[in-house]
Amino acid sequence: QVQLVESGGGLVQPGGSLRLSCAASGSIFSTYAMGWYRQAPGKQRELVAAFTSANRTNYADSVKGRFTISRDNAKNTVYLQMNSLKPEDTAVYYCNARRTKGIYRYDYWGQGTQVTVSS
């Protein structure tokens, strides 16, 4: 069982920065692709940033140049550094661990952390 716990959300002014953390239950980075998703009220959940199965990074066009995904293998933790925040970044942010095995896909999610960008 994979357990994910997000932290670091909060209220920030436009142009400000936040760093989100996702602590995993064990050393899973070699098995699961890690990423961040977000969902704003009335909108679909969308991919924000992820480490792909090819060990590359992938970012939504809306956050490229502003957000950076990183990880600390020793701490089993994934981070999302968010700079130059905009009001449209306001959403609940979810940590995701994904494993594909044959025709099956396994997804594990954290509880989410609220990010609000407002003056």
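Description of the structure in this document. Just so we're clear, the structure is a prediction, and the values are computed from it rather than from any experiment.

What counts as what
- Residues numbered from 1 in each chain as written.
- Predicted model: local features only at pLDDT ≥ 70, side-chain atom pairs only at ≥ 80, totals over all residues.
- Heavy atoms only, no water.
- Helix = DSSP H or I, 4+ residues; strand = E, 2+ residues; numbered from the N terminus.
- Rg over C-alpha atoms; globule rule 2.2 N^0.38 Å.
- Buried < 20%, exposed > 50% of the residue type's maximum accessible area, 1.4 Å probe, protein only.
- Contact = heavy atoms within 4.5 Å.
- Areas by Shrake-Rupley, 256 points an atom, 1.4 Å probe, with all protein chains shown as cover.
- Core = buried A, V, L, I, M, F, W, Y, C linked by side-chain atoms within 4.5 Å.
- Pairing = 2+ DSSP bridges.
- Axes fitted to C-alpha atoms, helices over the stretch in contact; angles between N-to-C directions.
- Patch = residues over 30% accessible without salt bridge, like charges linked within 9 Å, V, L, I, M, F, W, Y side chains within 5 Å.
- Salt bridge = Lys/Arg side-chain N within 4 Å of Asp/Glu carboxyl O.

Looking at the overall build of the protein
Here is step 1: The helix and strand tally for the protein stands at zero helices and eleven strands.
Here is step 2: Beginning at the N terminus, the succession of helices and strands in the protein can be written as β-β-β-β-β-β-β-β-β-β-β.
Here is step 3: Rg of the C-alpha trace for the protein: 14 Å, near the compact-globule value of 14 Å for 119 residues, within the 12% margin.
Here is step 4: Projected onto its principal axes, the C-alpha positions of the protein cover 45 × 30 × 25 Å.
Here is step 5: The buried share of the protein, taken over its 119 residues, is 41%.
Here is step 6: Sequence separation of at least 24 residues holds for 55% of the intrachain contacts in the protein that already meet a minimum separation of 6.
Here is step 7: Here the protein has roughly 6700 Å² of accessible surface; of this, 44% comes from carbon and sulfur atoms.

Points about the nonpolar core
General note: in soluble globular proteins, nonpolar side chains tend to be found buried as a group.
Here is step 1: Counting 31 residues, the largest nonpolar core has Met34, Trp36, Leu80, Met82 and Tyr93 as its most contacted members.
Here is step 2: Looking at this core, the elements with two or more residues in it are strand S3 (18–24), strand S4 (33–39), strand S5 (46–51), strand S7 (67–72), strand S8 (77–82), strand S9 (91–101) and strand S11 (113–117).
Here is step 3: Discounting residues that sit within four places of it in the chain, Met34 has contacts with Leu4, Ile28, Phe29, Ala50, Phe51, Ile69, Val78, Cys95, Asn96 and Ala97.

Section: the sheet that holds S7
Here is step 1: Reading across from one edge, S1-S3-S8-S7 is the order of the four strands in this open sheet, with antiparallel pairing throughout. Two strands bound the open sheet, and with one partner strand each, they are strand S1 (4–7) and S7. Geometrically, the sheet is characterised by an average inter-axis angle of 15° between neighbouring strands, direction not taken into account.

Some thoughts on a nonpolar patch on the surface
Here is step 1: A contiguous nonpolar patch, built from Ile103, Tyr104 and Tyr106 and spanning about 390 Å² of accessible area, is present on the exposed surface.
Here is step 2: Within the secondary structure layout, Ile103 lies in the loop between S9 and strand S10 (104–109).

Focus on the pattern of salt bridges
When their charged atoms lie close together, side chains carrying opposite charge are able to pair.
Here is step 1: Following the criterion strictly, the structure yields six salt bridges and no others.
Here is step 2: Salt-bridge contacts for Arg38 lead to Glu46; the nearest nitrogen and oxygen are separated by 2.7 Å.
Here is step 3: Classification of Arg38 by relative accessible area gives buried; the value is 6%.
Here is step 4: Among the ionic pairs, Asp107 bridges to Arg105, the shortest N-O distance being 3.0 Å.
Here is step 5: Asp107 gets classed as partly exposed once you look at its relative accessible area, which sits at 24%.

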